[in-house]
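# Structure at a glance
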Amino acid sequence: MSRALRFGTLGEELRGLALTFCLVAATTAAIYAIILWIGLTRGSVLYLIPVLIAAIRWGVIPAIFAAVCGVLASAFFFFPPLYSLEIRDPQEVINLALYIFAAVVVSQLASRLKRQLELSRQREIDLAELYAFSRRLAVAFDVSDIHSAIEDHLAAVIQRKVVLFAGAREATQSARRDSAAVPDEVQTVVADVAAGRREASAGVAVTAAGGDVWLVRPVSPKSPEFGVIAINFGRESRESSDEMRIRVDTVLVDATATLERLGVAHAISEARMRAQTDQLREALIGSVSHELRTPLASILGAATVLSSAPALRDEKKLQALVHDVRDEAERLNNDIQNLLDATRISSDGVKPHLEWADPADIINSALDRCRRRLADRRVVLNLPNDLPLIHVDPVLVQQALVQIFDNAVKYSPPGSKIMLAARARDGRLIVSVTDEGAGLTHAEQAQIWNRFARGERLAATTSGSGLGLWIASAFIAANGGKMHAVSDGPGLGTTVSIEIPVTQTAVPQLESDADE
Amino acid sequence: MNEPSPIVLVVDDEVQIRRFLRTGFELNGFVVHEAATGGEAIRSATLRPIDIVIVDLGLPDMDGAEVVERIRSWSSVPIIVLSVRSSEAQKVHLLELGADDYVVKPFGMAELLARVRVALRRQSRAASGEPIVKVGPLTIDLAARAVLLNGSRLNLTPKEYRLLQVLAQHAGNVVTHQHLLKEVWGTIHVHDTHYLRIFVRKLRQKIEPHPDSPRILVTELGVGYRLAQSGQEGEAAANWTAPAAVPAKTDG
């Protein structure tokens, strides 16, 4: 930009000189006309006009040029000896001195005015950028939004490549994206500055291997939360890079003021704290669940010992109490397991251990786990004996089925029928569980897969966390499958089905060589 | 019970768990020794005759898996592991280290007793060299290489018999997929679980009264298979008195 500016000035200067010359010529013609028609003897004072115009419009050189041309023209045309450049009249010398003085003073004034104008125009642009910047900060959602706003703002204002590093090790999203563009030596300095090992409030210039000069400095010397920036100055002369440094300073002072005004430092630490709180919460749920399960193991174990103790064998009422203890402990254990599963799903996703499994095994194992809960329902199985093998994590699919059975039991009356059917169709295995229970309304069908979704209609009569089907669908999704729920309406029962892709082609050459 | 009382060593750092296990076992005619740490357990197992060890995985001084490994290095006493972690990979690892069985906490006393009885029976059968394994209507004569269902001889292919044989040798205990695949198909096929699935399905058609809901050759999801022993089968049967699942006549 500055090189272009310099070429521009040279052209401007030549143009100024040419126009000045024309102006002087025009003035000469005008003075000639005045002498002829009005009879004025010497109009040479009029040559001040082109001098002043040149000084205001084109600067000091064209103005002096105008002064010299004016004196020469008046010497040639109006002072004796006429039509010779010989200067005899001392008036002419005074004129020359006067013109040159006027040229210098006026051009100085004009150029100062012009510089001020330019500055205020630049300031206007900066302010507009700053305004856009603060608007972006106002809608920033997290730390990386704020950082990329700072980065983009600087890049827009100083027209250089800017990379912002948020902390000692982390860089913003965009920095990570083009961290390859930041040379290693610059990154080392950035790390030093960010860690406070190096004082750099005024900035450190680093010359990279490619010859580019990078400026590294903290965004704000006072608030390290704002991070450290690296700006690529390219291969510029010392002067222009000094200019640039001053510019960066101004921009950063404004930007920091905006950041401070908006309480961004606070927002950044808050966002960090939020992330840490999330981690803490997951860890807490994990450890609390573990801590809860240990006493539960004692309670459940002790209850089962009591229930078969000879002393209680004939005490039907006490037996019933012991069974309550056992059943409730089991329910609590299931709830804790659900919490643990939910934490596992949201913290690091589910990693299935895939193996070839027989769907019938999975279904039987799920039925087995729910044996007691299903005891007062009529379970009707429809399992063809030629179901294809599926490549899944059988334990996850089993747990999903257990959740479905749990739901079916929870929302259907004792003695009703629960039908389980499995079939293979169009390269998929479909396992569906149909109950004769409460069914689903349209609205419920839409929300049933949400985390913590609970049927409000039946909230008073059933218990649960609303995590069950959410966990089930996450487990099935981890195995590449899908879940559906359909119902003819409230009170008309529900069918929940699991759909898992069957890649039968991947079970090769088995019949031929597995058995000789 | 005319036999001398079996001696069980309970290893758990939680006193409440030890207490209910002690009561549960004593009510069922066992003699109970307790240990709160792995070191104590190993010392106890070397000093006294022990018939079976119940060991918790989370011990203060060493991992329960290490206890299994150390005891197994000089003794063939049956070991049942109590674990809160229900990861299948860990179960497989423990079984490979030499544990006979595992029970996931929380568990009921009946479940643990059934496992303990099976392990003890297997131990006494191994000691006496008894070649006949009976599971409900199924009889496997390991000496004569004969399999009988309700007294009539079954026709099994060599691989099917080998599979049943390996399971019968560990009757009542879980045998991991890897172990079965290695024993029946060889080391190259240890990851080809689909071989197992197909053969187990065929085998069940021949040996199970209801192949749809198998009671003899039982799947331990993600771990392996178990040939149910009469103890376990009995327990299962008792719990199924009001049959929850009625296999519908399949149309397939």
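These figures come from a predicted structure and were not determined experimentally.

### So, the overall build of chain B
- Along chain B, the regular secondary structure elements total nine helices and 13 strands.
- Counting only residues that meet the buried cut, chain B has 42% of its 252 residues in that class.
- Long-range pairs, those at least 24 residues apart, make up 57% of the contacts in chain B with a sequence separation of at least 6.

### Quick look at the overall build of chain A
- Along its length, chain A carries 15 helices and eleven strands.
- Looking at chain A residue by residue over its 516 residues, the buried ones come to 33%.
- Partitioning the intrachain contacts of chain A with sequence separation of at least 6 by distance along the chain shows that 65% fall at a separation of at least 24.

### Regarding helix α5 (residues 109-128) of chain B
- Look at α5 of chain B: 28 Å from first C-alpha to last across 20 residues, which is about the 28 Å you get at 1.5 Å a residue.
- G129 of chain B sits one or two residues past α5 of chain B and shows a positive phi near 75°.

### Regarding the sheet that holds strand β2 (residues 204-207) of chain A
All names here are of chain A.
- Sheet architecture is open: four strands sit in the order β1-β4-β3-β2, paired in antiparallel fashion. Since the sheet does not close on itself, it has two edges, and those belong to β1 (161-165) and β2, each with one partner. Pairs of neighbouring strands in the sheet enclose a mean axial angle of 25°, with direction left out of account.
- Where strand β3 (residues 213-218) and strand β4 (residues 228-234) come together, six bridges link them in antiparallel fashion. For P218, the partnering residue across the bridge sits in β4 and is V228.
- Of the strands in this sheet, β1, β2, β3 and β4 are in contact with helix α7 (residues 184-194), which crosses β3 at around 15°.

### A word on helix α4 (residues 88-97) of chain B
Residue and element names in this part refer to chain B.
- Within α4 the residues assigned to the buried category are K91, V92, L94 and L95. For α4, the angular spread of the buried residues around the axis is 160°, confining them to a single face. Within α4, the exposed residues directed more than 90 degrees away from the buried face are A89 and E96.
- Here the buried face of α4 lies against α3 (64-72), β4 (79-83), β5 (101-104) and β10 (174-176).
- Looking one or two residues past α4, G98 carries a phi angle of roughly 120°, positive in sign.

### Brief notes about the interface of chain B and chain A
- With 40 residues of chain B in contact, the opposing surface of chain A contributes 44 residues.
- Within the residue set of the side of chain B that touches chain A, elements represented by two or more residues are α1 (15-27), α4, α5, α8 (193-207) and β13 (245-247) of chain B.
- Here the residues of the side of chain B that touches chain A sort into 20 nonpolar, 13 polar and seven charged.

### Details of the sheet that holds β5 of chain B
All names here are of chain B.
- Read across the sheet, five strands follow the order β2-β1-β3-β4-β5 without closing on themselves; strand pairing throughout is parallel. The open sheet has two edge strands, β2 (31-35) and β5, and neither has a second partner. The sheet shows a mean angle of 20° between the axes of neighbouring strands, taken without regard to direction.
- Note that β4 and β5 share four bridges and pair parallel. Among the inter-strand pairings, S83 is bridged to a residue of β5, identified as V104.

### Things to note about the environment of V189 of chain A
Residues and elements named next belong to chain A.
- By the element assignment, V189 lies in helix α7.
- On the basis of neighbour count, V189 is assigned to the buried category, with 22 C-beta atoms found within 10 Å.
- V189 sits eleven residues away from A200 along the chain, and the two C-alpha atoms are 9.8 Å apart.
- In this structure, V189 is in contact with V204, V206 and V216, ignoring residues within four places of it in sequence.

### Things to note about the confidence of the model for chain B
Residue and element names in this part refer to chain B.
- Per-residue confidence for chain B gives a mean pLDDT of 84, with 89% of residues at or over 70.
- When pLDDT is averaged over each element of chain B, strand β1 (residues 7-11) comes out on top at 95 and helix α9 (residues 230-239) at the bottom at 43.
- Reported confidence for the predicted complex is 0.82 by ipTM and 0.61 by pTM.

### Comments concerning the environment of D89 of chain A
All names here are of chain A.
- Position of D89 relative to the elements: it lies in the loop between α3 (60-77) and α4 (90-138).
- Overall, the presence of 15 C-beta atoms within 10 Å leaves D89 in the partly exposed class.
- Through-space distance from the C-alpha of D89 to that of A75 is 8.8 Å; in sequence the pair is 14 residues apart.

### Examining the pairing of strand β8 (residues 417-425) of chain A
All names here are of chain A.
- Pairing of strand β6 (residues 378-382) with β8, which is carried by five bridges, proceeds in the parallel orientation. Bridging from a neighbouring strand, L381 pairs with L420 of β8.
- Direction of pairing for β8 relative to strand β9 (residues 428-434): antiparallel, over a ladder of seven bridges. Considered in β9, the bridge of A421 is made with S432.
- Between β8 and β9, which pair antiparallel in sequence order, lie two residues; one of them, D426, sits at a positive phi of approximately 50°.

### Some points on the nonpolar core
- Core analysis: the biggest nonpolar cluster contains 126 residues, and I363 of chain A together with V53, I54, V55 and V81 of chain B have the highest contact counts within it.
- When residues in this core are grouped by element, the largest group, nine residues, is from helix α12 (residues 394-410) of chain A.
- Once residues within four sequence positions are removed from consideration, V81 of chain B is found in contact with V55, L57, G64, V68, L94, A99 and Y102 of chain B.
- Membership of the second largest hydrophobic core comes to 32 residues, among which are V163, V182, A230 and L252 of chain A.

### So, the packing of α3 of chain A against α4 of chain A
Residues and elements named next belong to chain A.
- Running from amino to carboxyl end, α3 crosses α4 at an angle of 160°, the nearest separation of the two axes being 8 Å. With respect to their mutual orientation, α3 and α4 come out roughly antiparallel. Where α3 crosses over α4, the two elements pack in a sense that is right-handed. Seen from α3, the contacting residues are V60, A63, I64, A66, A67, G70, V71, S74 and A75; seen from α4, they are E92, N95, L96, Y99, I100, A103, V104, V106 and S107.

### Details of the environment of R125 of chain B
- Position of R125 of chain B among the secondary structure elements: in helix α5.
- Note: C-alpha distance between R125 of chain B and Q169 of chain B (44 residues apart in sequence) is 9.7 Å.

### A few points about unusual backbone geometry
- With omega at -10°, the peptide bond leading from K105 of chain B into P106 of chain B counts as cis.
- If you check the backbone angles, D426 of chain A has positive phi at about 50° while not being a glycine.
- Checked against the element boundaries, D426 of chain A lands in the loop between β8 and β9.
- Overall, the presence of 8 C-beta atoms within 10 Å leaves D426 of chain A in the exposed class.
- You will see that N150 of chain B, though not glycine, has its phi angle at about 50°, which is positive.
- Tracing the backbone shows N150 of chain B in the loop between β8 (146-149) and β9 (152-153).

### Brief notes about the confidence of the model for chain A
Residues and elements named next belong to chain A.
- Averaged over every residue, the pLDDT of chain A is 80; the share at 70 or more is 87%.
- In the predicted structure, residues 1-5 sits below a pLDDT of 50 and forms two contacts with residues beyond four places in sequence or in another chain.
- Segment residues 168-177 is flagged for pLDDT under 50; beyond a separation of four residues in sequence, or across chains, it makes 20 contacts in the model.

Rules used in this analysis
Residues numbered from 1 in each chain as written. Chains lettered and ligands numbered in written order. Predicted model: local features only at pLDDT ≥ 70, side-chain atom pairs only at ≥ 80, totals over all residues. Helix = DSSP H or I, 4+ residues; strand = E, 2+ residues; numbered from the N terminus. Buried ≥ 20, exposed ≤ 12 C-beta atoms within 10 Å, placed from the backbone. Contact = placed C-beta atoms within 7 Å. Expected span 1.5 Å × (residues − 1). Pairing = 2+ DSSP bridges. Axes fitted to C-alpha atoms, helices over the stretch in contact; angles between N-to-C directions. Arc of directions from axis to C-beta. Nonpolar A, V, L, I, M, F, W, Y, C, P; charged D, E, K, R; others polar. pLDDT = per-residue confidence, 0-100. Core = buried A, V, L, I, M, F, W, Y, C linked by C-beta atoms within 7 Å. Parallel < 35°, antiparallel > 145°, perpendicular 65-115°, else oblique. Left-handed = near helix turned anticlockwise from the far one by under 90°.

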